[in-house]
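# Chain and residue survey
Residue-level listing of the chains:
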Amino acid sequence: MLKFTAEHEWLKLEDGVATVGITQHAADQLGDLVFVELPDVGAELTKDGNAATVESVKAASDVYCPLDGEVTEVNQAIVDDPSLVNSDPQGGAWFFKLKLKNVADADGLMDEAAYKELIA
């Protein structure tokens, strides 16, 4: 199940763990990424708190945590090669995995149709 935030993050939910990244729209708006900083594994993140930082040739931007949880894994590949986020933002260029404190909170996020309406 895919969910989206108004801050342009996507979540793929599986067994109480959300894989989190930025949307194609966000990657397009940022331009070519040159730097990605991810949270530490084990970090406790809160909804709408700063989770990661991306820098492009245009600007630096924060990536926000969509829900409360603990970081269980990060994608080192996008740190090593930030351009992966531009080429596959909603696939292989995920940012981190989050063990959700309350899976039901995801029900309050947008589905793909609502997100597409937001960015239209």
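Residues numbered from 1 in each chain as written. Predicted model: local features only at pLDDT ≥ 70, side-chain atom pairs only at ≥ 80, totals over all residues. Heavy atoms only, no water.

A few words now on unusual backbone geometry. Phi angles above zero are rare outside glycine, and H8 is one such case at about 75°. Note that H8 resides in the loop between β1 (2–4) and β2 (9–14). (Helix = DSSP H or I, 4+ residues; strand = E, 2+ residues; numbered from the N terminus.)

Here we take up the UniProt feature "modified residue: N6-lipoyllysine" (unreviewed entry) in the chain. Sequence positions flagged by UniProt for "modified residue: N6-lipoyllysine" (unreviewed entry) are, in local numbering, K58. Counting through the fold element by element, K58 comes out in the loop between β6 (50–56) and β7 (60–64). Separated by 3.3 Å, the side chain of K58 and the backbone oxygen of Q29 make a polar contact. (UniProt positions renumbered as here; feature names shortened; annotations may be inferred. Polar contact = N/O pair within 3.5 Å; in protein donor to acceptor, adjacent residues only side chain to side chain.)

Among the nonpolar cores identified, the biggest contains 28 residues, and I22, V36, V85, F95 and F96 are the most heavily contacted of them. Looking at this core, the elements with two or more residues in it are β2, β3 (17–22), α1 (24–30), β4 (33–37), β6 and β9 (96–100). Those residues in contact with I22 that sit more than four places away from it in its chain are H8, E9, W10, A27, L30, V63, V85, P89, Q90 and F95. (Core = buried A, V, L, I, M, F, W, Y, C linked by side-chain atoms within 4.5 Å. Buried < 20%, exposed > 50% of the residue type's maximum accessible area, 1.4 Å probe, protein only. Contact = heavy atoms within 4.5 Å.)

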